[in-house]
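Examination of the molecular architecture
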Amino acid sequence: MRSKLFIIFFIANITFINVSRMLTNEEMDTSSFGVGRATLFCIILSFFYTWLNFRELIKSPLIISIGIFFGFFTFFSSVINLGAFSFMNIINLIINNVYWLATFVVLYLFISKNPHLVKFTINCFSLTLLFILFYYFTIAFHINYSEFISFKGLNDAYYVLPFLPFILLLKNNTLKYLGIIIIVISLIISYKRAGIIALLFSLMFYLILYFKYQQKVKKSGLKKTAFIFITIITIIFLADYSTTETGEVISMRFNSMGEDGGSGRVFIWSEVIKLQERNSFNGWILGNGYNSVKQTYINDSAHNDFLEVLYDYGLIGLFLYLILIYKLYEIYLKLKKLDWVFSIAFGSSLIIFMVLSIFSHLIIYPSYFIYIASFWGIGIGYLKNGRHQNYHFNI
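Read on for an overview of the structure. Quick caveat: nothing in here was measured; it's all calculated off a predicted structure.

Here we take up the overall build of the chain. When you go through the chain residue by residue, the secondary structure sums to 19 helices and zero strands. Within the chain, contacts between residues separated by at least 24 positions form 76% of all contacts whose residues are at least 6 apart in sequence. For the chain, the computed accessible surface area is about 17500 Å², with 67% contributed by carbon and sulfur atoms.

Given below as structure tokens:
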């Protein structure tokens, strides 16, 4: 019972942080009373939970150690390069560099110790989507649509999209399919091209592997899955060719990719590469610190996490980042042997992560990244101690 109460409280705290971010657009630092302090509380809570389970942490797989090393290296790089030696600046850097790591480690430890609660934890995360969606649609329907016509889009969709892997693991097919449809609608009205591409690729991946393992699934399940994807394609088709303002903007957004270079992404990438070429030796090796592209360049991110990590954290940071991604792929391959249903959801999370990392940004926005990092922690903990058949997921 105590374990359930802990995970409910922990997930509720994460939800409060993201809902507060959506409503106030406050920065992830101590200058914001709600978001900053709640995030700091979550990190402190994670630290104590990790300390209480230190023996379990010592026995953790290599990917956990790599994740911890990468997280603390980004913090170290930021402190020495940004000269953030005041107490409040250090706290702010901890919030922005360690928050995702804290949840990643806590969820791993929790599931590793309580593999029988993996489904309960997935359901709790899925339930919080209701709160995110309520505020998301509230914001979407009260925002000035001229912003969409000017191609700004609704960034809050990136709070919704990372829930897809959780939804794919729901046992109740009605809730699962309803969740998928709502996420699709959320991304369509956001006009975020990177998000829509990530969603479509991850759903295609899910469908392909679902049919690959069809010998393990009842035919009725295949019919339901085929129906839901036909419904999704129909929604996208109607949105794209509708004469309403929404449909016109979606078409224009994708048709203009060749003209605007993905809202100037190609130009930004070329400028960040030039910025990197002019970097100092220390910058090449240790980086320039958290969010340095935005601070050095055009008040914007690199819109590519690989370029962002290279400039912010140097070759050492990029190396750790690539190793972390490779190890996550290994986790996916191992999950295929343990539980193919969970492995599909895990693979979907990697596709979302890769698409957004290449065409947008995740690593410097922990509030977007937090649900994916949490899901990875759950998956790694499940892989370690989820061998019992009763813990396995099914369609």
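Moving on, we get to the environment of phenylalanine 134. Inspection of the secondary structure puts phenylalanine 134 in helix α6 (residues 118-142). Owing to a relative accessible area of 54%, phenylalanine 134 belongs among the exposed residues under this scheme. Spatially, the C-alpha atoms of phenylalanine 134 and valine 19 are 9.6 Å apart, while their sequence positions differ by 115 residues.

For the pair helix α4 (residues 62-82) and helix α5 (residues 87-113), interaxial distance at closest approach is 9 Å and the crossing angle is 180 degrees. Taken as axis vectors, α4 and α5 run roughly antiparallel relative to one another. In this structure, α4 uses Ile63, Ile64, Gly67, Ile68, Phe70, Gly71, Phe72, Thr74, Phe75, Ser78, Val79 and Leu82 to contact α5, whose residues at the interface are Ile90, Leu93, Ile94, Asn97, Trp100, Leu101, Phe104, Val105 and Tyr108. The class makeup of the residues in the contact of α4 with α5 is 16 nonpolar, five polar and no charged.

A word on the packing of aromatic side chains. This structure, assessed with the given rule, holds 32 aromatic pairs. Each ring, one from tryptophan 100 and one from phenylalanine 104, has its centre 6.1 Å from the other, and the planes form 45 degrees; the classification is tilted. Of this pair, tryptophan 100 and phenylalanine 104 are both found in helix α5, four residues apart, which corresponds to roughly one turn of the helix. Aromatic side chains phenylalanine 166 and phenylalanine 375 sit 5.0 Å apart centroid to centroid with 80 degrees between the ring planes, which places their arrangement in the edge-to-face category. Here phenylalanine 166 is found in helix α9 (residues 164-168), whereas its partner phenylalanine 375 is found in helix α19 (residues 366-385), with 209 residues between them in sequence. With relative accessibility at 0%, the residue phenylalanine 375 sits in the buried group. One aromatic cluster in this structure is built from Phe70, Trp100, Phe104, Phe306, Tyr313, Tyr321, Phe353, Phe369 and Trp376. Residue placement shows lysine 4 over the ring face of phenylalanine 120; its charged tip is 5.0 Å from the ring centre.

Contact geometry of helix α17 (residues 305-338) with helix α18 (residues 340-359) gives a least axis separation of 9 Å together with a crossing angle of 165 degrees. Looking at the two axes, α17 sits roughly antiparallel to α18. Of the two elements, α17 crosses α18, and the hand of that crossing is left-handed. Here Asp305, Phe306, Tyr321, Ile325, Leu328, Tyr329, Ile331, Tyr332, Leu335, Lys336 and Leu338 of α17 lie close against α18, whose contacting residues are Trp340, Phe342, Ser343, Phe346, Gly347, Leu350, Phe353, Met354, Ser357 and Ile358. For the contact of α17 with α18, the class distribution of residues is 16 nonpolar, three polar and two charged.

Positive phi outside glycine occurs at asparagine 291, with the angle close to 60 degrees. Judged by its relative accessible area of 12%, asparagine 291 is buried. In this model, histidine 303 sits at a positive phi of 55 degrees, which is unusual for a non-glycine residue. For histidine 303, the position within the fold is in the loop between α16 (292-296) and α17.

What follows covers α5. Approximately 55 degrees is the largest bend angle found in α5, and it occurs at valine 98. Summarising burial for α5: 21 of the 27 residues are buried, a large majority.

Time to look at the side chain of asparagine 304. Tracing the chain through its elements places asparagine 304 in the loop between α16 and α17. A distance of 2.9 Å separates the side chain of asparagine 304 from the backbone nitrogen of phenylalanine 306, its partner in a polar contact. Those residues in contact with asparagine 304 that lie beyond four places of it in its chain are Trp269, Ser357, Ile358 and Ser360.

Calculation criteria
- Residues numbered from 1 in each chain as written.
- Predicted model: local features only at pLDDT ≥ 70, side-chain atom pairs only at ≥ 80, totals over all residues.
- Heavy atoms only, no water.
- Helix = DSSP H or I, 4+ residues; strand = E, 2+ residues; numbered from the N terminus.
- Contact = heavy atoms within 4.5 Å.
- Areas by Shrake-Rupley, 256 points an atom, 1.4 Å probe, with all protein chains shown as cover.
- Buried < 20%, exposed > 50% of the residue type's maximum accessible area, 1.4 Å probe, protein only.
- Axes fitted to C-alpha atoms, helices over the stretch in contact; angles between N-to-C directions.
- Parallel < 35°, antiparallel > 145°, perpendicular 65-115°, else oblique.
- Nonpolar A, V, L, I, M, F, W, Y, C, P; charged D, E, K, R; others polar.
- Phe/Tyr/Trp six-rings, centres within 6.5 Å; stacked < 30°, edge-to-face > 60°.
- Lys NZ or Arg CZ within 6 Å of the ring centre and 35° of its normal.
- Left-handed = near helix turned anticlockwise from the far one by under 90°.
- Bend = angle between axes of the 7 residues up to and from the residue.
- Polar contact = N/O pair within 3.5 Å; in protein donor to acceptor, adjacent residues only side chain to side chain.

The values reported here are purely geometric and, on their own, carry no functional implication.
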